[in-house]
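Chain and residue survey
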Amino acid sequence: MQKSRAITLLALLSCLTLAGCSSFSFPGVYKLNIQQGNVVTQDMINQLQPGMTAAQVRYILGTPLLVDTFDPNRWEYLYSMQPGGGSRTQERLTVYFKDGVLSGMSGNFLPQAPEGE
């Protein structure tokens, strides 16, 4: 009798421990929002113009998350956001330079013409 009670208690404790490690959440438990990388907004992208220097781009967008070791004329800006308990979203912007000036970009953002044009 004592042995079966101990086994039942051990099984219950194991289940509770595993539940705490999984994506299962208890009601009322707060989960943090997880933000990583560079926050890049559409307003920042709209300020970029071909021919800007690397210093001007860095002033607008901030320090890139990654500068390619083999191609220093390519800068990567990555941002990911995972709301507490939600699914993760990721945004990416790659900026290209030629002869020290901005020559192009690719990623989730594209420059938009100002309203009224």
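Up top you'll find the structure we're talking about.
Residues numbered from 1 in each chain as written. Predicted model: local features only at pLDDT ≥ 70, side-chain atom pairs only at ≥ 80, totals over all residues. Heavy atoms only, no water.

The pairing of strand β1 (residues 34-37) with strand β3 (residues 74-82) spans four bridges and is classified as antiparallel. Paired with Gly37 across the strands is Tyr79, a residue of β3. The sheet contact formed by strand β2 (residues 66-67) and β3 spans two bridges and is antiparallel. Note on β3: the bridge partner recorded for Leu66 is Glu76. Following β2, the chain reverses through six residues before pairing antiparallel with β3. (Pairing = 2+ DSSP bridges. Helix = DSSP H or I, 4+ residues; strand = E, 2+ residues; numbered from the N terminus.)

A word on the pairing of strand β4 (residues 89-98). When β3 meets β4, the two strands line up antiparallel, connected through eight bridges. Residue Tyr79 lies in a different strand from β4, and its bridge partner there is Glu91. Here β4 runs beside strand β5 (residues 101-107); their pairing, made up of six bridges, is antiparallel. When the sheet's bridge partners are listed, Tyr96 is paired in β5 with Gly104. A loop of two residues connects β4 with β5, the two strands running antiparallel in sequence, and Asp99 in this loop sits at a positive phi of about 55 degrees.

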